[in-house]
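Listed here are the chains, written in short residue letters.
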Amino acid sequence: MSNPPNPFGTLQTFASDGATHRFYSLPALEQAGFPVQRLPVSIRLVLESLLRNCDGRRVAEPAVRALASWRPDTPRTEEIPFVVARIVLQDFTGVPLLVDLAAMRSVVQRLGKDAKLIEPLVPVDLVVDHSVQVDVSGTPDAFARNLEIEFRRNRERYQFLKWGMQAFDTFKVVPPGIGIVHQVNLEYLAQGVLSTGSQISNLKSEICYPDTLVGTDSHTTMINGLGIVGWGVGGIEAEAGMLGQPVYFLTPDVVGVHLTGALCEGVTATDLALTVTQMLRRAKVVGKFVEYFGPGAAALPVVDRATIANMAPEYGATMGFFPIDAECVAYLRATGRTAEHCALYEAYYRAQNLWGMPEKGQIDYSQELELDLGSVVPSVAGPKRPQDRIELPNLRRDFFRAFQRSVTENGFGKSRAELGKVVPVSSNGAYHPGGGGSGEPVSQQGAVAAGTNPITEREMVLNRPSPDSVAAPAPQVKGKIRHGSVLIAAITSCTNTSNPSVMLAAGLLAKKAVERGLKVNPVVKASLAPGSRVVTDYLKKTGLQKYLNKLRFNLVGYGCTTCIGNSGPLHPAIEEAVTKNDLITAAVLSGNRNFEARIHQNIKANFLMSPPLVVAFALAGRVDIDLSCEPLGTAKDGTPVFLADLWPTREEVRTAMESALKPETFRKLYANFAAQNPKWNEIPSSVGNSYEWDRQSTYIQEPPFFEDFSLEAGPIAGITGARALGIFGDSVTTDHISPAGSIKQSSPAGKYLLENGVSWADFNSYGSRRGNDRVMTRGTFANVRIKNLMLDGEEGGLTLYFPRSGTASGSVGAGSGAATAGEKLAIFDAAMRYKADGTPLIVIAGQEYGTGSSRDWAAKGTRLLGVKVVVAQSFERIHRSNLVGMGVLPLQFVEGTTARTLQLDGRETYDVLGLDAGLKPQQNLMLRIARGSGEVLDVTVRCRIDTPIEIEYYQHGGILPYVLRQIVARS
Ligand code: SF4
């Protein structure tokens, strides 16, 4: 093996525990003339990756120079090629990535090569956490029954994952029932410092480097609380990272948040996270790094830092980073990492001059903000957005205001007169899938207005009864509900369940409530879904779990549950009362997002809060209450009980905490967890290096990305005679392009599933079927809210189909589309006709095309429909790069040009001119448009292939063929 690169003479040594290690030294780079020491810590960690990977191919020296010369206030034009150390995946996004790897192995095998050539080049950990749903709650066996149902629903996907585990050396799976990806990452996967190089023929062979990662879940940022650089990306970028390619991102501004003071008695880390979210949303940190520093940051334990870092997507930042210090190594020790590793960790960061929380004036930030932790007060956020923080005493008032505000002002548009309405609920527990009996699942009756609140990667709308739910008869409910009633109270989400201080506070509050004889109203669906089994361990050791159980906060699962919308069905009698009376009811949860319909399809007001407040509001049973002065219940002796009577003191929490972070507990629970999960072991798995595709499967299919694959890429081909598949307006989201939620029976995907013997009750969601391109391609542009301007903005995934006519240049009878009005078809059906005709497709769009959460299928589905070009007024950054990553050409209209100014109506044909003449990043090209009338006009467009490496991706038909050809060529 060749010696590693040594740019700027930075390959140096450092000592730890008597051993010598090598590293790429940032102080040495400083000596080479770069002012590294004043750079934000997060920038320095990315810079280390550039130095270490500076091989002139993936990372060139100018990129190192550019980042080492980062200035706080210069215009941001350069993309950073960031090679990450590892990848984390959750199961919804991880399954399609494994499908792609399996497909690459199949191709390699067909080429007569060893399938093992395809192997992730950096370690990949997939945590199965997104598939558990709260079907059963409030009973001692809820966890076991939910796990049983989860395994039954997802058996096929889990079989596939088990194949992946044995087939790849660097692909590991944390099975279901263990925890939530970000908490498992914090408590177990993250090492803080990594090392490599055992094959290098040199005595001092080991090279140490910072733990960095990207993950396919936006809350990957939680790991920033442990001084680790990482954030959420789309599947295509994760795939690139997995295959050793850089993840590209625009050089960021870095906003420094100077924390001072300390949290007051009675204030939690959740209150702080909600305060920071509101403050940073207002400060407009979208697309920027946020870095916390100062004495307040130094005093926060890692678990509090992680809660704040988790919510970076909610405040809009790429990261919410805390630098590395003694708290970090203390956390690593407390969670069972070895003494030797902790010593190496500290020695490495000291050698890099990265040890210790920076103080004011030490670092040049693009902007500095101040927050005195002593000013933080108990808070909740809602009813629809995480940044809408409400001080606890104001919740009653703010709920009433939201109740009467118009919908356009983020309210519920109700009249004051309706407030008094009370609806009795009574049921003997009979349970009927479908609830309303309309024949369409509940979740499909009220589709989300994706244009306003796009469902994200994690927002699967699964809270509908399924055949499995029938096996779980609902308990009797009898009570009254009204506007403001709490129907879901969920201790959920890695945001908070990774933080023992708030989890123990919830248990302590439950204990005091039970001791006073308080109960939770039976209409409230209470649940406890921690992000790891460590939580159960300490809640049991402290004796607090039994009090939570008495209030029906029984364990329901170790997974994402209510945080992602997997809150499961409500009792049908309650659902009926809510929907028939259009009640504005509430969910209270310790999660991080609360867009309407995210938590439950029929619950409109959703409030984020700390776990102890979740218990308190479950007891109160309503949100129109001022807990600072109104009692939340009546004790068994008849006296009113106030929140202040139940709230645990800091001392009580601290005492309980002593049992929470025991290294041996972490070591035991994270040792061989696969063996501790009999259900996982029972799942049969195929073996072998390549996957035997089951053509009958409706979950896993070999994707056609490598159809007609050849070892040579060939020149970039011109595009002629393209037809518009859709003409869209502004802010088309990735959820419009590739919906994640439920599948309509009448949609192409629904028909496909029915034809393949899947009943609608078993449709599951698009999210869970991302391993099957047949479903996903049919689902592309199938969102019920997408408006195609070719059909005067009619909603639904429809378009006009025109039989083949020719090129815009007129070579084959241009403009004959004028002769027909076009046939109205589902977009998938039209795309297949165009494919049969040999007609390439184009999509025309407005501003911010592909906004919303990054979703690989938005680009993959576009490509598989046969779309060669997307022309937009502007693109969302990640979706643009994903399009290139899938071999689709993004073009941008020049300022002032739109589909409207061009008077496009869908009858046109299009040629893209200039592609074959040595395409350059961002060069201008000509879009030749032939109208139905025969008129031809030429429009200048900018090619949004932005970097040289993207030109290569595009020429190869996307990242996957590009990497595959490289691997095969090297073999
Ligand atoms: S608990 Fe919520 S934030 Fe955490 S991984 Fe799951 S969906 Fe994402």
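Our subject is the structure that appears above.
Residues numbered from 1 in each chain as written. Predicted model: local features only at pLDDT ≥ 70, side-chain atom pairs only at ≥ 80, totals over all residues. Heavy atoms only, no water.

Caption draft 1: Structural context of the environment of Ile 584. The residue Ile 584 is located in the loop between helix H21 (572-581) and strand S22 (586-589) in this model. A sequence separation of 100 residues divides Ile 584 from Gly 484, and the C-alpha atoms of the two residues are 6.1 Å apart. (Helix = DSSP H or I, 4+ residues; strand = E, 2+ residues; numbered from the N terminus.)

Caption draft 2: Structural detail: the side chain of Arg 76. Looking at where Arg 76 falls in the secondary structure, it is placed in the loop between helix H3 (61-68) and strand S3 (79-82). For Arg 76, a relative accessible area of 18% puts it in the buried group. In this structure the side chain of Arg 76 is engaged in a polar contact, spanning 3.2 Å, whose partner is the side chain of Thr 74. A polar atom in the side chain of Arg 76 sits 2.6 Å from the side chain of Asp 253. Contacts of Arg 76, omitting those with residues within four sequence positions, involve Trp 70, Arg 71, Leu 250, Thr 251, Pro 252, Asp 253 and Ser 366. (Buried < 20%, exposed > 50% of the residue type's maximum accessible area, 1.4 Å probe, protein only. Polar contact = N/O pair within 3.5 Å; in protein donor to acceptor, adjacent residues only side chain to side chain. Contact = heavy atoms within 4.5 Å.)

Caption draft 3: Summary view of the sheet that holds strand S5 (residues 124-127). Strand order in the open sheet formed by 5 strands is S6-S5-S4-S9-S10, and the pairing between neighbours is parallel. The sheet is open, and its two borders are formed by strand S6 (171-174) and strand S10 (229-232), each paired with just one other strand. Strand-to-strand twist in this sheet, taken as the mean axis angle between neighbours without regard to direction, amounts to 20°. Relative to strand S9 (residues 212-215), strand S4 (residues 86-90) is paired through 3 bridges, and the arrangement is parallel. Each residue of the ladder has a partner; that of Ile 87, found in S9, is Val 214. Packing of helix H4 (residues 91-110) onto the sheet brings it into contact with S4, S5 and S6, and relative to S4 it is tilted by some 115°. (Pairing = 2+ DSSP bridges. Axes fitted to C-alpha atoms, helices over the stretch in contact; angles between N-to-C directions.)

Caption draft 4: Up close: the sheet that holds strand S7 (residues 193-196). On the basis of which strands lie adjacent, the open sheet formed by 4 strands has the order S1-S2-S8-S7 and mixed pairing. One side of each edge strand has no neighbouring strand; the edge strands of this open sheet are strand S1 (11-16) and S7. Each strand of the sheet is rotated relative to its neighbour by a mean of 40°, with strand direction disregarded. Both S1 and strand S2 (residues 19-24) contribute to a ladder of 6 bridges, which runs antiparallel. For Ala 15, the partnering residue across the bridge sits in S2 and is Thr 20. Helix H2 (residues 41-52) rests against S2 and strand S8 (207-210) of the sheet, and its axis sits at about 145° to S8. Helix H13 (residues 339-351) contacts S1, S2, S7 and S8 of the sheet and is inclined by roughly 135° relative to S1.

Caption draft 5: Here's a closer look at helix H6 (residues 181-189). With 8 of 9 residues buried, H6 lies mostly within the body of the structure. Among all positions in H6, only Val 181, His 182, Gln 183, Val 184, Asn 185, Leu 186, Glu 187 and Leu 189 are buried.

Caption draft 6: Just H13, in detail. A rise of 1.5 Å per residue sets the reference length of H13, with its 13 residues, at 18 Å; its end C-alpha atoms lie 18 Å apart and thus fit the reference within 8%. By the burial criterion, the buried members of H13 are His 341, Cys 342, Leu 344, Tyr 345, Ala 347, Tyr 348 and Tyr 349. Among the structural elements, S1, S2, H2, S7, S8 and helix H12 (326-334) are those in contact with the buried residues of H13. Phi for Asn 353, located one or two positions after H13, is positive at around 60°. (Expected span 1.5 Å × (residues − 1).)

Caption draft 7: Expanded view of the side chain of Thr 495. With respect to the helices and strands, the residue Thr 495 is situated in helix H17 (residues 494-497). For Thr 495, a relative accessible area of 1% puts it in the buried group. A polar contact is formed between the side chain of Thr 495 and the side chain of Asn 592, at a distance of 3.0 Å. Apart from the residues within four sequence positions on either side, Thr 495 is in contact with Met 222, Thr 307, Asn 310, Met 311, Ser 590, Gly 591 and Asn 592.

Caption draft 8: Looking closely at the nonpolar core. One finds Tyr 292, Tyr 315, Phe 553 and Phe 617 to be the most contacted residues of the largest nonpolar core, which totals 315 residues. Per-element tally for this core: the top contributor is H4, with 11 residues. Residues Val 134, Val 136, Ala 529 and Val 556 belong to the second largest nonpolar core, which totals 6 residues. (Core = buried A, V, L, I, M, F, W, Y, C linked by side-chain atoms within 4.5 Å.)

Caption draft 9: Representation of the state of the cysteines in the model. This model, assessed by the stated rule, comprises 0 disulfides. Cys 208 carries a free sulfur, and the closest cysteine sulfur to it, the one in Cys 342, is 14 Å from it. (Disulfide = S-S within 2.5 Å.)

Caption draft 10: Structural context of the packing of aromatic side chains. Under the criterion given, the structure shown has 32 aromatic pairs. Between Tyr 849 and Phe 875, the ring centres sit 6.2 Å apart and the planes meet at 85°, which makes this aromatic pair edge-to-face. With Tyr 849 in the loop between strand S31 (841-844) and helix H31 (856-864) and Phe 875 in the loop between strand S32 (867-872) and helix H32 (877-885), the pair connects residues that are 26 residues apart, well separated along the chain. Per residue, the accessibility class of Tyr 849 equals that of Phe 875, and both read buried. In textbook terms, an aromatic cluster arises when at least three aromatic residues are bridged by ring pairs, as seen for Phe 14, Phe 23, Tyr 345, Tyr 348, Tyr 349 and Trp 355. In this structure, Arg 769 is placed above the aromatic ring of Tyr 699, and the distance from its NZ or CZ to the ring centre is 4.0 Å. (Phe/Tyr/Trp six-rings, centres within 6.5 Å; stacked < 30°, edge-to-face > 60°. Lys NZ or Arg CZ within 6 Å of the ring centre and 35° of its normal.)

Caption draft 11: Looking closely at the pattern of salt bridges. Within this structure, the stated rule accounts for 45 salt bridges. With its nearest N and O atoms 2.9 Å apart, the salt bridge here joins Arg 385 to Asp 388. Residue Asp 388 is classed as partly exposed on the basis of its relative accessible area of 23%. Measuring nitrogen to oxygen at the nearest pair gives 3.0 Å for the salt bridge that ties Glu 576 to Lys 580. (Salt bridge = Lys/Arg side-chain N within 4 Å of Asp/Glu carboxyl O.)

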